Amino acid sequence: MLRLAVLVSGGGTNLQALIDASEQGGIKNAQFAVVISNKKDAYALERAARHGIKSLCISPKDFKNREAFHQALVDALDAERIDLVVLAGYLVILPKILIQKYRDRIINIHPSLIPSFCGAGYYGLKVHESVLARGVKVTGATVHFVDEGTDTGPILLQKAVDVKPDDTPEILQRRVMEEAEWKLLPQAVDLIANGRVTITDGKVSISEI
């Protein structure tokens, strides 16, 4: 049984999508070990509590320096014997010690079709504002493994979403979440939990059942 840690910073809609999928049988052979947020008032922590999932706040503000914060985060994951770390709207740069220790065991959901509209500075509504400003006709979401770069790790899943003429950043953000993010992230976890994902030379292959 794959032990999951979900890292969040805000409302936790992607966390809710994971919880719903798990309860409805869309994710097999995985269990939620802990939800961790860097913000004490993150609604995601309440979502976790409602479903009986252990939750923790590990905030940089509570430590004397970043190194101590980083170590506390790694220690918390180690204590829960985590197999897979899922970044679901976690707006904190991961420390290298965590990436190295959990190599190929950290995934992130990004609200665009990487390599478009990704990298430093592209997060939240800023992604969708940039999509609309550029005038592209198709956007989407990407689940990728996390490495030391920003949105540069191996791509696991992608799903396209149409951009409509009357879209605002907020409307587009919602459509991308509903049509792509909330579907891709549970699918990614299920694939990994059932041993169907392999990374070779920086590329992901998915085996048939």
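In this text, all values refer to a predicted model and were calculated from it rather than measured experimentally.

> Help me out: how do you make sense of the environment of Leu-91 in this one?
By the element assignment, Leu-91 lies in the loop between β4 (84-87) and α4 (96-101). Sequence-distant contacts of Leu-91, defined by excluding residues within four places in its chain, comprise Ser-9 and Tyr-123.

> I keep staring at the sheet that holds strand β1 (residues 2-8) and nothing clicks. Help me out?
Backbone-to-backbone hydrogen bonds join strands into a sheet, with any given pair of strands oriented parallel or antiparallel. Across the sheet, which stays open at both edges, the seven strands sit in the order β3-β2-β1-β4-β5-β6-β7 with mixed pairing between neighbours. Each of the sheet's edge strands pairs with one partner strand only, and the pair in question is β3 (55-57) and β7 (155-162). Going across the sheet, the axis of each strand differs from the next one's by a mean of 20 degrees, ignoring polarity. On the sheet, helix α1 (residues 13-23) packs against β1, β2 (30-37), β4 and β5 (106-110) and is oriented at approximately 165 degrees with respect to β2.

> Explanation requested: the environment of Ile-109 in the structure shown.
Along the chain, Ile-109 turns up in strand β5. Residue Ile-109 is classed as buried on the basis of its relative accessible area of 7%. Taking C-alpha positions, Ile-109 is 17 Å from Lys-203, a pair spaced 94 residues apart along the chain. Residues in contact with Ile-109, not counting those within four places in the same chain, are Asn-14, Leu-87, Ala-88, Ala-141, Thr-142, Val-143, Glu-181, Leu-184 and Leu-185.

> What should I look at first to understand unusual backbone geometry in this one?
Across residues other than glycine, the phi torsion is negative in most instances, and most of the peptide bonds are trans. A cis geometry characterises the amide bond from Ile-114 onward to Pro-115, with omega recorded as 20 degrees. With respect to the helices and strands, the residue Pro-115 is situated in the loop between β5 and α5 (125-134). The backbone phi angle of Asn-29 is positive, close to 65 degrees, even though this residue is not glycine. Looking at the secondary structure, you find Asn-29 in the loop between α1 and β2. Unusually for a residue other than glycine, Arg-81 sits at a positive phi of about 55 degrees. The residue Arg-81 is located in the loop between α3 (66-79) and β4 in this model.

> Help me understand the pairing of β1, please; the structure alone is not making it clear to me.
Regular strands show a simple pattern: their side chains alternate between the two faces of the sheet. Taken across its seven residues, β1 has seven buried, putting it largely inside the fold. Along β1, one buried face is formed by Leu-2, Leu-4, Val-6 and Val-8 and the opposite face, lined by Arg-3, Ala-5 and Leu-7, is buried too. Looking at chain direction, β1 and β2 are connected through seven bridges and run parallel. Considered in β2, the bridge of Leu-7 is made with Ile-36.

> Help me out: how do you make sense of the nonpolar core in this one?
What tends to happen in soluble globular proteins is that the nonpolar side chains get buried as a cluster. Membership of the largest hydrophobic core comes to 42 residues, with the highest contact counts inside it found for Val-6, Ile-107, Val-143 and Val-189. Element by element, the count of residues in this core is highest for helix α6 (residues 169-193), at 10 residues. Sequence-distant contacts of Val-143, defined by excluding residues within four places in its chain, comprise Ile-107, Asn-108, Ile-109, Ile-155, Leu-156, Leu-157, Leu-184, Leu-185 and Ala-188.

Calculation rules
- Residues numbered from 1 in each chain as written.
- Predicted model: local features only at pLDDT ≥ 70, side-chain atom pairs only at ≥ 80, totals over all residues.
- Heavy atoms only, no water.
- Helix = DSSP H or I, 4+ residues; strand = E, 2+ residues; numbered from the N terminus.
- Contact = heavy atoms within 4.5 Å.
- Pairing = 2+ DSSP bridges.
- Axes fitted to C-alpha atoms, helices over the stretch in contact; angles between N-to-C directions.
- Buried < 20%, exposed > 50% of the residue type's maximum accessible area, 1.4 Å probe, protein only.
- Core = buried A, V, L, I, M, F, W, Y, C linked by side-chain atoms within 4.5 Å.

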